[in-house]
Amino acid sequence: MQKFGALDPIAIATVIEEAWPTVRDSDELQETLHSLLWVPESAGSQWTDFLEPLLHTGRATIATLTSTDSQKLKIQGWIASEYASFLTMVFPEYSIEFSPKPPPPLLDPPEKKERYELITQIVRNWMACLGPTTAPELSHTLHLPENLIEGAFQSLEGEGQIIRGQFRSPQNIPSNPESLPKVSTQDPLLLEWCDRRL
């Protein structure tokens, strides 16, 4: 199994900047929503100014997810209206409200799709826009369980889409205990993943 060692931090920063979507207007934001499929509000904060026209014309919707357990955790994110029904399968442990609400046909469950397939597709599309990352980092960004992110990584590795390795020096990997509780920069075997084309 091929692995890769730590790379130059400046080169990594350049790759990350070039890979991340360039959004300069509402049309480019819509393209980005189609590409990434699910954009948590925190991840798209730099694009907020371009969202309102998409909401007004029904091309996008804000999804508010509320966990069905006693904690009642809330997550907000953006999604293209035609993909709204996907979220009910991706986040079965949450109740979901859309604003504005997409037309009823767009809320019909997607046919012949399993949860792991949808999550793998989301991870695939995000990895094409990210540099090196870890399962805890992407789990935190997308609000998806870490074990499902790991499963998607392994599927994509099997397809030859992504590669595993240790691309960043440990000190360059986020380790904020509040946001990434499972990341330890002291772990010499900390596993990172990256899109092969990057």
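Below: a short report on this structure. Along each chain, numbering runs from 1 in the same order as the chain's sequence is written. This being a predicted model, a pLDDT of at least 70 is required before a residue's local features are given, and a value of 80 or more before pairs of side-chain atoms are given or counted; all residues contribute to the totals for chains, interfaces and linings. Hydrogens and waters are ignored; side-chain quantities use all the structure's heavy atoms.

## Remarks on the side chain of glutamine 30
Part 1 of the argument: Relative to the assigned elements, glutamine 30 resides in helix 2 (residues 26-36).
Part 2 of the argument: Not counting residues within four places of it along the chain, the set of residues in contact with glutamine 30 comprises Leu54 and Arg59. Secondary structure elements are defined from DSSP: runs of H or I of at least 4 residues count as helices, runs of E of at least 2 residues count as strands, and each element is numbered from the N terminus. Residues count as neighbours in contact if any of their non-hydrogen atoms are within 4.5 Å of one another.

## Topic: helix 2
For an α-helix, the turn length of 3.6 residues means that residues three or four places apart are oriented alike.
Part 1 of the argument: Residue exposure (1.4 Å probe, protein chains only): buried if accessible area is under 20% of the type maximum, exposed if over 50%, otherwise partly exposed. Buried residues of helix 2: Ser26, Glu28, Leu29, Gln30, Thr32, Leu33 and Leu36, and no others.
Part 2 of the argument: The secondary structure elements touched by the buried residues of helix 2 are strand 2 (39-40), helix 3 (51-56), strand 3 (60-67), strand 4 (74-80) and helix 5 (115-127).
Part 3 of the argument: Put simply, aspartate 25 is the residue that caps the front of helix 2, since its side-chain oxygen is 3.2 Å from the backbone nitrogen of aspartate 27. Two N or O atoms count as a polar contact when they lie within 3.5 Å, although within protein this holds only if one can serve as hydrogen donor and the other as acceptor, and sequence-adjacent residues are included solely when both atoms are side-chain atoms.

## So, the pattern of salt bridges
Part 1 of the argument: Between Lys or Arg on one side and Asp or Glu on the other, a salt bridge is scored when a side-chain nitrogen of the former is within 4 Å of a carboxyl oxygen of the latter. Within the structure shown, the criterion is met by 6 salt bridges.
Part 2 of the argument: In this structure, the salt-bridge partner of arginine 59 is aspartate 27, at a minimum N-O distance of 3.2 Å. Separated by 32 residues along the polypeptide, arginine 59 in the loop between helix 3 and strand 3 and aspartate 27 in helix 2 bring together distant segments of the chain.
Part 3 of the argument: You can call arginine 59 partly exposed: its relative accessible area is 25%.
Part 4 of the argument: The salt bridge partner of glutamate 159 is arginine 124, with a shortest N-O separation of 2.6 Å. In this pair, glutamate 159 sits in the loop between helix 7 (146-158) and strand 6 (162-165) while arginine 124 sits in helix 5, placing the two residues 35 residues apart along the sequence.
Part 5 of the argument: Note on glutamate 159: relative accessible area 48%, which makes it partly exposed.

## Quick word on the pairing of strand 5 (residues 94-99)
Part 1 of the argument: Side-chain alternation along strand 5 places Tyr94, Ile96 and Phe98 on a buried face and Ser95, Glu97 and Ser99 on a face that remains uncovered.
Part 2 of the argument: Strand pairing is assigned whenever DSSP detects at least two bridges linking the two strands. Relative to strand 5, strand 3 is paired through 6 bridges, and the arrangement is antiparallel. Bridge assignment links threonine 66 to a residue of strand 5, and that residue is serine 95.

## Here we look at the environment of glutamate 41
Part 1 of the argument: Of note, glutamate 41 is situated in the loop between strand 2 and helix 3.
Part 2 of the argument: Taking the relative accessible area as the measure of exposure, glutamate 41 reaches 34% and is therefore partly exposed.
Part 3 of the argument: Sequence separation between glutamate 41 and glycine 77 is 36 residues; the distance between their C-alpha atoms is 4.4 Å.
Part 4 of the argument: Not counting residues within four places of it along the chain, the set of residues in contact with glutamate 41 comprises Gln76, Gly77 and Trp78.

## A few points about the environment of alanine 84
Part 1 of the argument: Checked against the element boundaries, alanine 84 lands in the loop between strand 4 and helix 4 (86-90).
Part 2 of the argument: For the pair formed by alanine 84 and phenylalanine 98, sequence separation is 14 residues and the distance between their alpha carbons is 8.2 Å.

## Section: the packing of helix 6 (residues 135-142) against helix 7
Part 1 of the argument: Only the contacting stretch of a helix is used when fitting its axis, a line to C-alpha atoms as for every element, and angles between N-to-C directions run 0 to 180 degrees. Close contact between helix 6 and helix 7 brings their axes to 9 Å; oriented N to C, the two are set at 120°. The handedness of the crossing between helix 6 and helix 7 is right-handed. Facing Ala135, Pro136, Leu138, Ser139 and Leu142 of helix 6, the residues of helix 7 in contact are Glu146, Ile149, Glu150 and Phe153.
Part 2 of the argument: Classification convention: Asp, Glu, Lys, Arg as charged; Ala, Val, Leu, Ile, Met, Phe, Trp, Tyr, Cys, Pro as nonpolar; all other residues, Gly among them, as polar. Its residues assigned to classes, the contact of helix 6 with helix 7 comprises 6 nonpolar, 1 polar and 2 charged. Throughout, a crossing is termed right-handed when the near helix is turned clockwise from the far one, and left-handed when it is turned anticlockwise from it by less than a right angle.

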